[in-house]
Amino acid sequence: MTSAELAQVLGLSPLTIKKRDPKTLPPAVCVPGARGRRWRQSDVQAWLESLPRSVSGAARPGRRRRESV
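## Side note on the pattern of salt bridges
Okay, so step 1: Enumeration over the complete set of coordinates arrives at 1 salt bridge.
Okay, so step 2: For the salt bridge of arginine 40 with aspartate 43, the shortest nitrogen-to-oxygen distance reads 3.3 Å.
Okay, so step 3: Overall, arginine 40 belongs to the partly exposed group, its relative accessible area being 46%.

This is the structure we're talking about:
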C-alpha cells in the first residue's frame, strides 16, 4: 500500500506519513521500481494489533489530544 493508502487507514494525512519518523510507523518494504515507501497490508494489520489498546475516548494513533483549559 502507498503512503496515501496508509494515511487513510491510520486517519492521518499523506504528508504526515511522509514526514513521520519511520520508527513510529509499520515496517515498510522496498519495492523495486516504486517511488517512496510501501507497506504490506498484513504488516500494517499486525502493527495495529500490536499497539496498546486505547481507553475509550483516547486519541487515535498519531493524534494529540487538546488540553482543555
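## Some points on the side chain of serine 3
Okay, so step 1: Secondary-structure assignment places serine 3 in helix H1 (residues 3-10).
Okay, so step 2: Apart from residues no more than four positions distant in its own chain, serine 3 is found in contact with Pro14, Ile17, Lys18, Arg37 and Trp39.

## Let's talk about the environment of proline 14
Okay, so step 1: Mapped onto the secondary structure, proline 14 falls in helix H2 (residues 14-19).
Okay, so step 2: Look at proline 14 and you get partly exposed, because its relative accessible area is 36%.
Okay, so step 3: Considering only alpha carbons, one finds proline 14 and serine 3, 11 residues apart in sequence, at a separation of 5.8 Å.
Okay, so step 4: Not counting the four nearest positions on each side in its chain, proline 14 is found in contact with Ser3, Ala4 and Ala7.

Criteria and cut-off values
- Residues numbered from 1 in each chain as written.
- Predicted model: local features only at pLDDT ≥ 70, side-chain atom pairs only at ≥ 80, totals over all residues.
- Heavy atoms only, no water.
- Salt bridge = Lys/Arg side-chain N within 4 Å of Asp/Glu carboxyl O.
- Buried < 20%, exposed > 50% of the residue type's maximum accessible area, 1.4 Å probe, protein only.
- Helix = DSSP H or I, 4+ residues; strand = E, 2+ residues; numbered from the N terminus.
- Contact = heavy atoms within 4.5 Å.

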